[in-house]
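Structure at a glance
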Amino acid sequence: MHLTPPPPASGDDDGNGAGHQDDHRSRPSSRHWDDLPPLDVEVPDDLSELDDEIAAYHAELRSQRRRARLNRLIPGLRDNVAAHTDRAGNRPRSLPGMILVGFLIIIGTLGAMAPLVLTHPRPVPAQVTVPRASTTARAGTVGAPLPDYQLITGREYRAASDLRPALIVLLPATCDCANAIHDIVGQAREGAPVPTYLVAPRVDDPLLNELTRQPQAGGGFAVGYSDPNGSLARLFLADPEQPTLLLIAADGRLVQPPRVFHVGDRFEGWLGALPVR
């Protein structure tokens, strides 16, 4: 249905009366109506015909509210949106999708890293909570504390007597023993874990870091030390080809006689002599 403006009402006279003067002051003349373009306004007979326009209007309002929330949550989002706006002022429809994909990538990366952070192997820390034993037992024998031989880790020195309680693994000069170290460290972590230390008989042993860190050897559950003079190996007559184990109590005493380890050995009973801390 089309509407056209109604013609101006005519007065009772020929336009010279007083009533016509009042109408002239309050209503534009017919010449003004003639100057306007014809109106082409279509008024629907049924308001339901406007459902699509109303839905589009509400969708635009929801989009504006979402952008406002994102602007509050993410500083600088408006600048990023402006940077992706073309010269015609149109934003690409894929921009919200790009933002969502970015969030998913970040969350996925953090989720993938969480297990690595939570399960990263840590050596069992030594618990020096008991005074060091003072005995007359001869050094190197059962019941005697370890001597204060200086060991090196990185650029730091540490007395051997400070490693307590401990399972000390004296490595041979040439130790092709990754499998043996893997077995030793694994058994030391069964039940109540015992702090485990690998001691090489020389400084800068190229295999020491591999034996402490590689998954097929210590796997990060042992700490490596260098004995510059091989003093512990000489004192305890360490085997020149296989690892030699020393079991040290919390007070620093040697609990068991030194034990040479071979791949496949089980030493639960030997390890069980360590006093409960």
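Note: the structure precedes this text.
Keep in mind that what you see is a predicted model, and the values were worked out from it rather than measured.

Thresholds, definitions, all that
Residues numbered from 1 in each chain as written. Predicted model: local features only at pLDDT ≥ 70, side-chain atom pairs only at ≥ 80, totals over all residues. Heavy atoms only, no water. Disulfide = S-S within 2.5 Å. Buried < 20%, exposed > 50% of the residue type's maximum accessible area, 1.4 Å probe, protein only. Helix = DSSP H or I, 4+ residues; strand = E, 2+ residues; numbered from the N terminus. Pairing = 2+ DSSP bridges. Core = buried A, V, L, I, M, F, W, Y, C linked by side-chain atoms within 4.5 Å. Contact = heavy atoms within 4.5 Å. Phe/Tyr/Trp six-rings, centres within 6.5 Å; stacked < 30°, edge-to-face > 60°.

1. So, the state of the cysteines
Taken as a whole and assessed by the stated rule, the structure comprises one disulfide. Here Cys175 is linked by a disulfide to Cys177, with a sulfur-sulfur distance of 1.4 Å. Taking the sign of the torsion about the S-S bond as the criterion, the disulfide between Cys175 and Cys177, at about 65 degrees, is right-handed. By relative accessible area, Cys177 is classed as buried at 6%.

2. Re the pairing of strand β6 (residues 244-248)
Most of β6 sits inside the fold, with five of its five residues counted as buried. In this structure, strand β3 (residues 166-170) lies alongside β6, joined through five bridges in antiparallel fashion. The partner of Val169 across the bridge, within β6, is Leu245. Sheet analysis places β6 next to strand β7 (residues 259-260), joined by two bridges and oriented antiparallel. Along β7, the bridge assignment pairs Thr244 with Val260.

3. Side note on the pairing of strand β1 (residues 150-153)
Here four bridges tie β1 to strand β2 (residues 156-159), and the two strands are oriented antiparallel to one another. Looking at β2, one finds that Thr153 is bridged to Glu156. Hairpin connection between β1 and β2: a loop of two residues separates the two successive antiparallel strands, and Gly154 in this loop has a positive phi of roughly 65 degrees.

4. A closer look at the environment of Leu207
By the secondary structure assignment, Leu207 is in the loop between β4 (196-200) and α7 (208-213). Look at Leu207 and you get partly exposed, because its relative accessible area is 32%. Distance in space between the C-alpha atoms of Leu207 and Thr174 is 8.6 Å, their sequence separation being 33 residues.

5. A short note on the nonpolar core
If you look at the biggest cluster of nonpolar residues, it comprises 26 residues, and the most contacted ones within it are Leu171 and Ile181. Listing elements by their share of this core, those giving two or more residues are β3, α6 (178-188), β4, α7, β6 and α9 (268-271). In terms of residue count, α6 provides more of this core than any other element does, five residues in total. When neighbours within four sequence positions are excluded, Ile181 is seen to be in contact with Val169, Leu171, Leu198, Leu211, Ala217, Gly218 and Pro243. Residues Ala160, Leu170, Leu232 and Ile248 belong to the second largest nonpolar core, which totals 15 residues.

6. Details of the packing of aromatic side chains
Applying the stated criterion across every chain yields a total of three aromatic pairs. Here the aromatic rings of Tyr197 and Tyr225 are separated by 5.8 Å at their centres, their planes lie at 50 degrees, and the arrangement is tilted. Taken as a pair, Tyr197 in strand β4 and Tyr225 in strand β5 (residues 223-226) lie far apart in primary sequence, 28 residues in all. With respect to class, Tyr197 is no different from Tyr225; both count as buried. Aromatic side chains Phe261 and Phe267 sit 5.8 Å apart centroid to centroid with 85 degrees between the ring planes, which places their arrangement in the edge-to-face category. Overall, the relative accessible area of 0% leaves Phe261 in the buried class. A relative accessible area of 1% places Phe267 in the buried class. Three or more aromatic residues joined by ring pairs make a cluster, and in this case those are Phe261, Phe267 and Trp270.

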